[in-house]
Amino acid sequence: MPTYKFKSYIHLREFWNRLQSAEFYSFSQLFYFAGWIITFSFLCISLKTGFGNYTPILLILAFFWHRFNKSWSEKLKVPQEAWILLFTLLWILDSVWLSFFLKFDTINLFKDSEPTIFPTVLQIILLSFLTLTLSFILTRREGRRWLSYLFFMFLLIIGFKVLSFSDPILWNIGQILLVLVLLRYTGWTESLTKAENWLYFIVSLILFLGIYTPPDIYNTVISQSTVSWYYFPKILSHFFKLYLLAVLLKIPFVLVYHHASLKRKLQIAGWLQSSIPQITQLIILTLVFYFFISSWQANKLKNTLTEFLEDYTFRKPGIGQSLYIFQPDSIAKIHNVPNFASFVIPPSPPDFGILQLPTESDLDSSSYSYVLLYKSDQDSSIYYHLIEIDTLFLNNLNQRLSHFLSNGLLAYPFTLQTWDSNLYKIRIWERERKYWSLNTFPFALVPRKSQQFQMRKLTAIAPNLDRQSSSSRIIVFGQDVYTAGRIYAPLYTQDFQKRGYYAIDMAVFLSWDFFKSNLMIIFYFWLLIYFLVNLLIIQRVVKFGNQITQKIIQKFDQLTQGIRQVSEGNLEYKIEMEGEDEFVELADRFNRMGNQLQLNIASLRDKDRLEHELRIAREVQLGLLPKTLPKIKGYQVAAHINTATEVGGDFYDLISLSPEKYLIVVGDVSGKGTSAAFYMAQCISLIRFACQFSDKPQEIILRLNRYFSDPLIDRQIFVTIIMGILDTRKNQIMLLRAGHNHPILIPNQNDLAVKEIITPGIGIGLERKGQVFEKILKSKTVRLGKGDGLFLYTDGLVEASAYSDTKMTDPEKVTFFGEENLIDILNKSRQKNAQEMIQTINTNIRKFYGQSPLIDDLTMLLIRRNKE
């Protein structure tokens, strides 16, 4: 069977042939397709009206989809690559369509820039094609595909609603869960060849990186335009991208466990079981430790800042005073804060926050200063304090801190990005909080990007340190400053509009002095311990595991080489292995298999030779039987013989003694096979030889008995025979029976019964002296009227047995053909001619045996007088 590197070409070519011969214009197909388009349009309209109005429409869509899939898609058996190609082309067309009408300015959809009705209708139709194509991609699995379709349509609507809820957390969680679901629908990759998997991986990667996805705009404004021009295109593109991501995740596993060699599989298994888990655990533990220290330092910084502000509030010695203190609802405009422009205080200012204020000299400049605003209670009165965040403030705060991993402070404004905004919403570690707007963030690694910030290093360096001009800085992964703890608060403009956040980081300034500190020396010590343990213990264990893997691969290669040698015909090839494992057992059984194959081949050759000799013996045996029966005037004669093996002991003959007399013989030599065939040949030869000297059946049978009674003849052999002389002038048969089945007389008249003709006699060769045999042997004459027949047969006919159950194992369920069944068949077919009666009996006996094997030879001979 030829193997192909690219089966997709064959699939597409077969699909193209089916496509050319398919009928596309049947009424049912057009009806179901049009029903899908119209119902999908109604779905787009209903999505803007409410959450529960689309359920009946989904059911109608499922009906049209199922019927259209039955009438067209399943008949054509569209390959998966064709659906993916079609969806890609449709999505490119839709992207161009969006670019032409909206110029990808999706934000205008939520304002006053909406396309006209005509392009919106065309967009909905195009979306219906995209949805239909995507549904065929996702529901390729066999079984109840319409249930899968309903499931994904439900997910489509849920995604639409989640997107309109303006909740990025739900949106991102939904995408992760959807990827896990879509992995179940990528099983078709397992039927691809290795080359096709690589090709699909590259193409899927290009599509995943290149397909356009509308931006994330979390807005609850739902209109007809936003449904068709934003929500559905965005959700469909995400569905397709996530499906491509699932394919990208699936293909590497398929390449490993379907197409990689055993050596490569074991290597990858070793990596997955040792190296990769170790590295992953080390990275995770390092991050957990780092984030734990960062969380501890962030809480310590928060508590220190809280104490620091309380000291400012009660003006302890050495702390200094606030820039300004005011009470709510007493002053509407602050105009006498030194160095800052005047600004308006709202009636209810925030309890805690950072103000971004321009200075009096730089009102038009982009440079700002930052002032901390917080509320305090003094003498049952509420006051608000303003403190400028500068290097002096950071220096005083830094003096109160005890650093563990960090060596300085860093303060700066920042704004949240979409991808990490969800992490800042997690505040389960916030318990007791005096200032609810002051939060800690334990997952910070590097400072956020900012245009302006102040910092204070723990070392004796100038307060306004410019990190870009530091000669001793060390850059690691593009950073010379890392964060080991962060607190942040909301940032407001001078008119108290929220602009972002302001952070104070416990920073790690990378320099040579930092790497020479006591903490880093301790770290170096434990790192050295880790590498020594890894080198002396772990690596040796891994090396031992690799040696085991190499030994397994070596033994497997030996088995593979042995199989190749045997497949090429070298049955004498032996595999030598040491040990007592399963491979050694397989090698031993493989060697036994080679020896057994040689014996079997020799046995088959002997069997073939024996079968050839048996075929020759059968030809000789059949040659002894009359090839054609003599035509007897006024009579019909038919005969049939069937042996259980290649050769058997049954025989019959019809010998013309004179124009009016014929010798009829039907006999059965005991046993089966070659010995029975041998004595059967002797019996026929003796009968034909005896006919030259006598035409009396009794003399011929007595001669046969004397021959088979000779002591030189096998005592296990005996012969049953029925012999008669047909006299056509007198229309009678004189019969002699030597232990054989009784002949059956078949009258022509229906009112006369079909019956056996009882005559005495024992088998030839059973009585050695012959006196008893001759005394018992008696003849009987049967007269044949017009249409009467005489049926002679061997015991293999009535003693035929077969199992009544299909398993053919229960001996209690064995049935026999029997004399009654034979007489009933003869009775029902008595009006047929001789040949037809023989065929009827033969058909019934074959039907009776069914799947059971023939257990004994059977012979039939029928002589019937013509009716006229």
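Criteria and cut-off values
Residues numbered from 1 in each chain as written. Predicted model: local features only at pLDDT ≥ 70, side-chain atom pairs only at ≥ 80, totals over all residues. Heavy atoms only, no water. Phe/Tyr/Trp six-rings, centres within 6.5 Å; stacked < 30°, edge-to-face > 60°. Buried < 20%, exposed > 50% of the residue type's maximum accessible area, 1.4 Å probe, protein only. Salt bridge = Lys/Arg side-chain N within 4 Å of Asp/Glu carboxyl O. Helix = DSSP H or I, 4+ residues; strand = E, 2+ residues; numbered from the N terminus. Pairing = 2+ DSSP bridges. Axes fitted to C-alpha atoms, helices over the stretch in contact; angles between N-to-C directions.

What follows deals with the packing of aromatic side chains. Applying the stated criterion across every chain yields a total of 19 aromatic pairs. Residues Tyr290 and Phe291 carry aromatic rings whose centres are separated by 6.3 Å and whose planes lie at 70 degrees to one another, so their mutual orientation is edge-to-face. Looking at Tyr290, the relative accessible area reads 17%, which means it is buried. On the basis of relative accessible area, Phe291 is assigned to the buried category, the value being 19%. Taking the centre distance of 5.6 Å and the plane angle of 25 degrees together, the rings of Phe791 and Tyr793 count as stacked. A residue is classified by how much of its surface remains accessible, and Phe791, at 0% relative accessible area, is buried.

Right, let's talk about the pattern of salt bridges for a bit. This structure, assessed with the given rule, holds seven salt bridges. Across the pair Lys375 and Asp351 runs a salt bridge, and its minimum N-O distance is 3.4 Å. Of this pair, Lys375 sits in strand S5 (residues 369–378) while Asp351 sits in the loop between strand S3 (343–344) and strand S4 (352–357); the two residues are 24 residues apart in sequence, bridging distant segments of the chain. Exposure remark for Lys375: the relative accessible area of 26% places this residue in the partly exposed category. Given a relative accessible area of 39%, Asp351 falls into the partly exposed group.

The buried fraction of strand S10 (residues 481–492) is high, at 12 of 12 residues. In the sheet, S4 pairs with S10 via two bridges, with the strands oriented parallel. Across the sheet, residue Leu355 finds its bridge partner in S10, namely Tyr492. One ladder, built from three bridges, connects strand S8 (residues 439–441) with S10; its direction is antiparallel. Bridge assignment links Thr440 to a residue of S10, and that residue is Ile487. Alignment of S10 against strand S11 (residues 498–509), held across 10 bridges, turns out to be antiparallel. Looking at the pairing, Tyr488 lines up with Ala503 of S11.

An order of S13-S14-S15-S16-S19 is seen for the five strands of this open sheet, with the pairing classed as antiparallel. Single-partner strands in this sheet number two, and they are strand S13 (650–658) and strand S19 (779–783). This sheet shows a mean twist of 20 degrees between the axes of neighbouring strands, independent of strand direction. Direction of pairing for strand S16 (residues 732–738) relative to S19: antiparallel, over a ladder of five bridges. Bridging from a neighbouring strand, Leu735 pairs with Lys780 of S19.

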